[in-house]
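# Commentary on secondary and tertiary structure
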Amino acid sequence: MEDLLRLWFGEGTFGRAVTYARSGRVLKYHYDSKERVLSGVINGSGRNVYTSEIDFEYSDFSEPVQTVGECTCPVGVSCKHICAVLLVALKEVGE
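Note that the structure is a prediction, hence the values are computed from the model and not measured. (Residues numbered from 1 in each chain as written. Predicted model: local features only at pLDDT ≥ 70, side-chain atom pairs only at ≥ 80, totals over all residues. Heavy atoms only, no water.)

## With respect to the pattern of salt bridges
Note the threshold: Salt bridges are counted wherever a side-chain nitrogen of Lys or Arg sits within 4 Å of a carboxyl oxygen of Asp or Glu.
What the rule picks out here adds up to two salt bridges. The shortest N-O distance in the salt bridge between arginine 6 and glutamate 11 comes to 3.3 Å.

Here you go:
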């Protein structure tokens with residue numbers, strides 16, 4: 001799954017997200033299976049705290065084929081905060 005995240009976010013963003021995930025900057029997350037939405041709260045730089053929401057679209061084979069994520073950070077989409085939430089959630093559920 002990490003290879004897919006590298007592809008979706010790019011190597012630079014992925015690398016920064018790994019640092020955020022490993023350093024405990026993802027404060028909490030929640031997956032709503034009915035809505036297929038993963039939301040998270042991330043400690044950004046300085047005193048900034050951001051929220052992200054990732055919507056999943058699935059193929060007929062129950063494989064994620066696309067994610068659409070938004071974040072309250074200045075980047076707004078496809079950012080390290082979104083990727084960090086995905087990394088932490090995947091690690092905790094064992095991919």
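## A few points about the confidence of the model for the chain
For clarity, the threshold we go by: A score between 0 and 100, pLDDT records how confident the predictor is in each residue. Helix numbers and strand numbers start at the N terminus; a helix is a DSSP run of H or I with at least 4 residues, a strand a run of E with at least 2.
For the chain, the mean per-residue pLDDT works out to 89, and 89% of the residues sit at or above 70. Looking at the elements of the chain, mean pLDDT is at its lowest for strand 4 (residues 64-71), recorded as 76, and at its highest for helix 2 (residues 11-22), recorded as 97.

## Remarks on the packing of helix 2 against helix 3 (residues 80-93)
Short version of the rule: The axes used here are C-alpha line fits, helices contributing only the stretch in contact, and every angle between their N-to-C directions lies in the interval 0 to 180 degrees. Throughout this description, any angle smaller than 35 degrees is read as roughly parallel, any larger than 145 degrees as roughly antiparallel, any in the 65 to 115 degree range as roughly perpendicular, and the remainder as oblique. Crossing handedness is read from the near helix: turned anticlockwise from the far helix by less than a right angle, it gives a left-handed crossing, and turned clockwise, a right-handed one. In this description, contact between two residues means that some pair of their heavy atoms is separated by no more than 4.5 Å. Classes in brief: Ala, Val, Leu, Ile, Met, Phe, Trp, Tyr, Cys and Pro nonpolar; Asp, Glu, Lys and Arg charged; the others, Gly included, polar.
Interhelical geometry of helix 2 versus helix 3 gives an angle of 55 degrees and a closest axis separation of 8 Å. Judged by the angle between their axes, helix 2 and helix 3 are oblique. Considering the relative orientation of helix 2 and helix 3, their crossing is right-handed. Here Thr13, Phe14, Arg16, Ala17, Val18, Tyr20 and Ala21 of helix 2 come into contact with helix 3, specifically with Lys80, His81, Cys83, Ala84, Leu87 and Val88. Residues that form the contact of helix 2 with helix 3 fall into these classes: nine nonpolar, two polar and two charged.

## Considerations on the pairing of strand 1 (residues 26-32)
For a regular strand, side-chain orientation follows a simple rule: the groups alternate between the two sheet faces. To keep it simple, the criterion reads: At least two DSSP bridges between two strands are required for those strands to pair.
Here strand 1 runs beside strand 2 (residues 37-43); their pairing, made up of six bridges, is antiparallel. Counted as the bridge partner of tyrosine 31 is leucine 38 from strand 2. The hairpin turn running from strand 1 into strand 2, its antiparallel successor, is four residues long, and arginine 36 in that turn takes a positive phi close to 60 degrees.

## Here we look at the side chain of histidine 81
With respect to the helices and strands, the residue histidine 81 is situated in helix 3. Residue contacts for histidine 81: discarding those within four places in its chain leaves Tyr20, Ile42, Gly44, Tyr50, Cys71 and Cys73.

## Focus: unusual backbone geometry
The criterion, for reference: Burial classes: relative accessible area under 20% of the type maximum marks a residue as buried, over 50% as exposed, and values in between as partly exposed (1.4 Å probe, protein chains only).
Phi is positive for arginine 36, close to 60 degrees, though the residue is something other than glycine. On the secondary structure map, arginine 36 appears in the loop between strand 1 and strand 2. Arginine 36 sits in the partly exposed class, given a relative accessible area of 38%. Even without being glycine, serine 78 reaches a positive phi, approximately 45 degrees.

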